[in-house]
Amino acid sequence: MKTLFKIVLIGGLALTAFASVLGFSVLGLLSDIPGAHLTINGDDFMWSSMNLADAFGAGLGLVIAFGVMCLVIPLVLLLGLGLPLLILGLVLLAGIVALLSVGAVLGSPAIIIGLILWLILRDKPRKPAAAPPAMSTAAPLPPQPPTGPTAPTEPSLT
């Protein structure tokens, strides 16, 4: 999920940058074509006629527009679409819980009787009775001497 989010974020930023570059290119192309005029507030717009104050204002406007595209629009979509859908889902979930609660309260006598009958009538596996140990009359076997190697400091009887 994190990888998908990173891919979508990088793709969105790349598309925003591409749209900005394309917009600047179109404005530059329109100002160079002799028969085309871009008119803003009744004045012809030309890149070559922009002074420092106009360029600063245009740059500030682009920064604000970029902030709106990256911050305000996603928040509006999230709060305008996501929040109502979340509230609707919670209301539906509360309705389902209420219906199940009413069903449990109304069916509780049957549930308790069913539980008691199941505990009484269930087929429990029976453990076989343990057989008593067999008593033998034979004498016990004498202990066998160890057959493995012994330590060198241990005295040996053989």
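From a predicted model like this one, the values you see are computed outputs, not experimental measurements. (Residues numbered from 1 in each chain as written. Predicted model: local features only at pLDDT ≥ 70, side-chain atom pairs only at ≥ 80, totals over all residues. Heavy atoms only, no water.)

Asker: I'd like a rundown of the packing of aromatic side chains, residues and numbers included.
Answerer: Ring pairs (aromatic) are described by centroid distance and by the angle formed between their planes. By the definition in use, this model includes zero aromatic pairs. Positioned over the ring face of W118 is R122, at 5.2 Å from the centre of the ring. (Phe/Tyr/Trp six-rings, centres within 6.5 Å; stacked < 30°, edge-to-face > 60°. Lys NZ or Arg CZ within 6 Å of the ring centre and 35° of its normal.)

Asker: Describe the side chain of T16, naming the residues involved and giving the relevant values.
Answerer: Position of T16 among the secondary structure elements: in helix α1 (residues 2-32). A relative accessible area of 15% means that T16 is categorised as buried. With sequence-adjacent residues up to four places away left out, T16 is seen in contact with F66 and M69. (Helix = DSSP H or I, 4+ residues; strand = E, 2+ residues; numbered from the N terminus. Buried < 20%, exposed > 50% of the residue type's maximum accessible area, 1.4 Å probe, protein only. Contact = heavy atoms within 4.5 Å.)

Asker: Just give me the short version of the confidence of the model for the protein, but keep the residues and values in it.
Answerer: Atom-level detail of predicted coordinates should not be read off regions where pLDDT is low. Taken as a whole, the protein shows an average pLDDT of 81; of its residues, 80% reach a score of 70 or greater. The element-level mean pLDDT for the protein is lowest in strand β2 (residues 43-45), coming to 72, with helix α2 (residues 52-121) highest at 89. (pLDDT = per-residue confidence, 0-100.)

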